[in-house]
Amino acid sequence: MTRALRPVAVPLLLLAGLEAFARTVGRNSDAVAPPSAALLALARAFGDGSLWQATGFTLGAAALGLGLGSAIGASLGLLLGLSRRAAATSFLSIEVLRPIPSVALIPLAMLVFGFGAAMEVSVVAFATVWPMLILMQAAVRQVEPCLLEVSAALQLSPWDRAVKIIVPAVLPRLFVALRLGVAVALVVSVTVEIAANPNGMGYALMIAQQSLDPALMLAWLFWIGAVGYAINEAALFAQRAMARRMGEVAE
Amino acid sequence: MRRLDPRALVASVLLLLGFVALWWVVSHAGWLSRAFMPTPESAFAALVQGMISGPLAGYTVATIGRMVVGWLLASLLGIALGTLIGNSPAARTWLQSTLELLRPLPASALVPVAIAVFGLSSSMVLFVVAFGAMWPVLLATIHGLASVPRRLEEVARALQLGRLAFVWKIGLPNAMPDILAGMRLSMTVSLIVSIVGEMIASQQGLGQTILLAARTFQSSELFAGIVLLGAIGFASNSLLAIAEARLLRWQRA
């Protein structure tokens, strides 16, 4: 066996095992289906458009929530990074809000917004505010003191100081925070759909299980994993490309 | 950040109280519907009453128990499997890419599959919690074992340590910071998956309580549940941070 085959050997063996099991012992099972049947179900979902619609919904809600959460987190982080007094004052409020698990807000979002995109966006936004806020605050604190001295010497206004000195200096780390946010946003949006929101990939997975269609269920599970993997890799690639362009050594 | 400057502490308490006061004004002025914005005092009353005479205390214990047992299982499994895989370069080449591939899968996506396989039971939720929370510990253990410094390996060879002694005396202590960081992340995952599991599989606990409260428009109970879940998250995270600082004291020396 060649070296290149090694990483895929175990998954292939497992899939073959599942195929054999589902075709013999578990033939009438509501829980397992042969991977080949799952592949067919995936192809059917491709064909009738339900796959794209659900994927689009989940990714759209995740992206909107990430955008909203990151914007709030980044501006708060900028503020708290610049002013030690603001950071010390808001410390307690942040420590009280931050540990609330984002999924605990699903019922509240459901009450306020009803089902649909808005509730999902709000929960994703809540979850993505924190990593952005923390990383941004740390990044602003670690801006080269020389740069701040330059801005003082030039007598820049606070706004100019933020826009012309601080933001460019923290941009590479802002992208690191965004990449982490992408992973969080995807996980949270799928979770919201599984727990409550009747839309998107998570709901499709849930409904496939409830209608006792294990092939479709495994197809969705595989698809959610594949989409998550692809998007995380793409985000990592984009972040590294950005860091290289800015002359930083990729982390 | 953790320096206790008394003036800043007072200011931060005042800001928090200010937020609560804002909540009080907003809810009393009726700017937002009572259906989802209870007054602070009614949320507090629901919390106290539920804890003392209602079922809230029992649900809290159930959720904490699920989270802790799942987390312990996840940590044990993660460290054991991680040691097996991380200790052998062969196992790493065969398995690492599969593990990396599975990592971004949301743990909650396994709930429907687990329902199909195990049915709606509390052991099903426990299984998903343990399985979902295992990944951070597993990957951290593998990473920590794989990054033992060259010199320590040479020391082990010079001392003629056996494989087991090497893992126990050098490998795992070296991986400890990674493992503890993974275990902290895994605790967060455990709480989240416990809540989702309770919501979907109708297992008694805070997750189910807040979902039912929302469905029956009992916003006071809903807020009480959210406050309790926040408290659980805060307490578990702080306890682990303290434990981590103590366990790793020897490294900074």
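Residues numbered from 1 in each chain as written. Chains lettered and ligands numbered in written order. Predicted model: local features only at pLDDT ≥ 70, side-chain atom pairs only at ≥ 80, totals over all residues.

### Notes on the overall build of chain B
Right, on to step 1. Secondary structure summary: chain B contains 11 helices and zero strands in total.
Right, on to step 2. Start at the N end of chain B and walk to the C end: the helices and strands fall as α-α-α-α-α-α-α-α-α-α-α.
Right, on to step 3. Scaling as 2.2 N^0.38, a compact globule of 253 residues should have a C-alpha radius of gyration of about 18 Å, whereas chain B reaches 23 Å, well beyond that.
Right, on to step 4. With respect to the three principal axes, the spread of C-alpha positions in chain B is 75 × 55 × 30 Å.
Right, on to step 5. Here the analysis covers contacts within chain B between residues at least 6 apart in sequence; of these, 74% occur between residues at least 24 apart. (Helix = DSSP H or I, 4+ residues; strand = E, 2+ residues; numbered from the N terminus. Rg over C-alpha atoms; globule rule 2.2 N^0.38 Å. Contact = placed C-beta atoms within 7 Å.)

### Describing the environment of A:Ala230
Right, on to step 1. If you trace the backbone, A:Ala230 turns up in helix H10 (residues 214-245).
Right, on to step 2. Residues A:Ala230 and A:Leu154, spaced 76 residues apart in sequence, show a C-alpha to C-alpha distance of 45 Å.

### What to know about the interface of chain B and chain A
Right, on to step 1. Residue-level contacts link 45 residues of chain B with 43 residues of chain A.
Right, on to step 2. Put simply, the parts of the chain that give the side of chain B that touches chain A at least two residues each are helix H1 (6-29), helix H4 (89-102), helix H5 (110-118), helix H8 (163-201), helix H9 (206-215) and helix H10 (219-247) of chain B.
Right, on to step 3. If you tally residues by element for the side of chain B that touches chain A, the top one is H10(B), at eight residues.
Right, on to step 4. For the side of chain B that touches chain A, the per-class residue count stands at 35 nonpolar, nine polar and one charged. (Nonpolar A, V, L, I, M, F, W, Y, C, P; charged D, E, K, R; others polar.)

### Section: the nonpolar core
Right, on to step 1. By size, the foremost hydrophobic cluster in this structure holds 132 residues, and its most contacted members are A:Val123, A:Val124, A:Met136, A:Leu205, A:Trp220 and B:Val196.
Right, on to step 2. A total of 17 residues in this core trace back to one element, the largest contributor, which is H8(B).
Right, on to step 3. Apart from the residues within four sequence positions on either side, A:Met136 is in contact with A:Gly73, A:Ala74, A:Gly77, A:Leu78, A:Gly81, A:Val170, A:Leu174 and A:Ala177. (Core = buried A, V, L, I, M, F, W, Y, C linked by C-beta atoms within 7 Å. Buried ≥ 20, exposed ≤ 12 C-beta atoms within 10 Å, placed from the backbone.)

### Details of helix H2 (residues 35-47) of chain A
Residues and elements named next belong to chain A.
Right, on to step 1. Between its first and last C-alpha, H2 extends 18 Å over 13 residues, near the 18 Å set by a 1.5 Å rise per residue.
Right, on to step 2. Looking at H2, one finds that the buried residues are Ala 38, Ala 41 and Ala 45. Buried residues of H2 fall within an arc of 60° about the axis and therefore sit on the same side. Seen from the open side of H2, the exposed residues pointing more than 90 degrees away from its buried face are Ala 43 and Gly 47.
Right, on to step 3. On its buried face, H2 sits against helix H3 (50-82) and H10.
Right, on to step 4. Of the residues flanking the end of H2, it is Gly 49, one or two places downstream, whose phi is positive at about 85°. (Expected span 1.5 Å × (residues − 1). Arc of directions from axis to C-beta.)

### Focus: the domain arrangement of chain B
By a widely used convention, the size of an interface equals the accessible area lost when the partners come together.
Right, on to step 1. Segmenting chain B into domains produces domain 1 (1-32) and domain 2 (38-252).
Right, on to step 2. Computed over C-alpha atoms, the centres of domain 1 of chain B and domain 2 of chain B are 31 Å apart. (Domains from an automatic or database assignment.)

### A closer look at the packing of H8(B) against H10(B)
Residues and elements named next belong to chain B.
Right, on to step 1. The interhelical angle for the contact between H8 and H10, taken along N-to-C directions, is 170°, at an axis separation of 10 Å. When the axes of H8 and H10 are compared, the pair comes out roughly antiparallel. Between H8, through Met 176, Leu 180, Met 183, Arg 184, Met 187, Leu 191 and Ile 195, and H10, the contact on the second element is made entirely by Leu 229, Ile 232, Gly 233, Ser 236, Leu 240, Glu 244 and Leu 247.
Right, on to step 2. Looking at the contact of H8 with H10, its residues break down into 10 nonpolar, two polar and two charged. (Axes fitted to C-alpha atoms, helices over the stretch in contact; angles between N-to-C directions. Parallel < 35°, antiparallel > 145°, perpendicular 65-115°, else oblique.)

### So, unusual backbone geometry
It is generally the case that most residues other than glycine have a negative phi and that most peptide bonds are trans.
Residues and elements named next belong to chain A.
Right, on to step 1. The residue Gln 155 is not glycine, and still its phi comes out positive at about 55°.
Right, on to step 2. Relative to the helices and strands, Gln 155 resides in the loop between helix H7 (145-153) and helix H8 (158-195).
Right, on to step 3. Phi at Leu 212 is positive, roughly 50°, even though this residue is not glycine.
Right, on to step 4. Turning to its location among the elements, Leu 212 is positioned in the loop between helix H9 (200-210) and H10.

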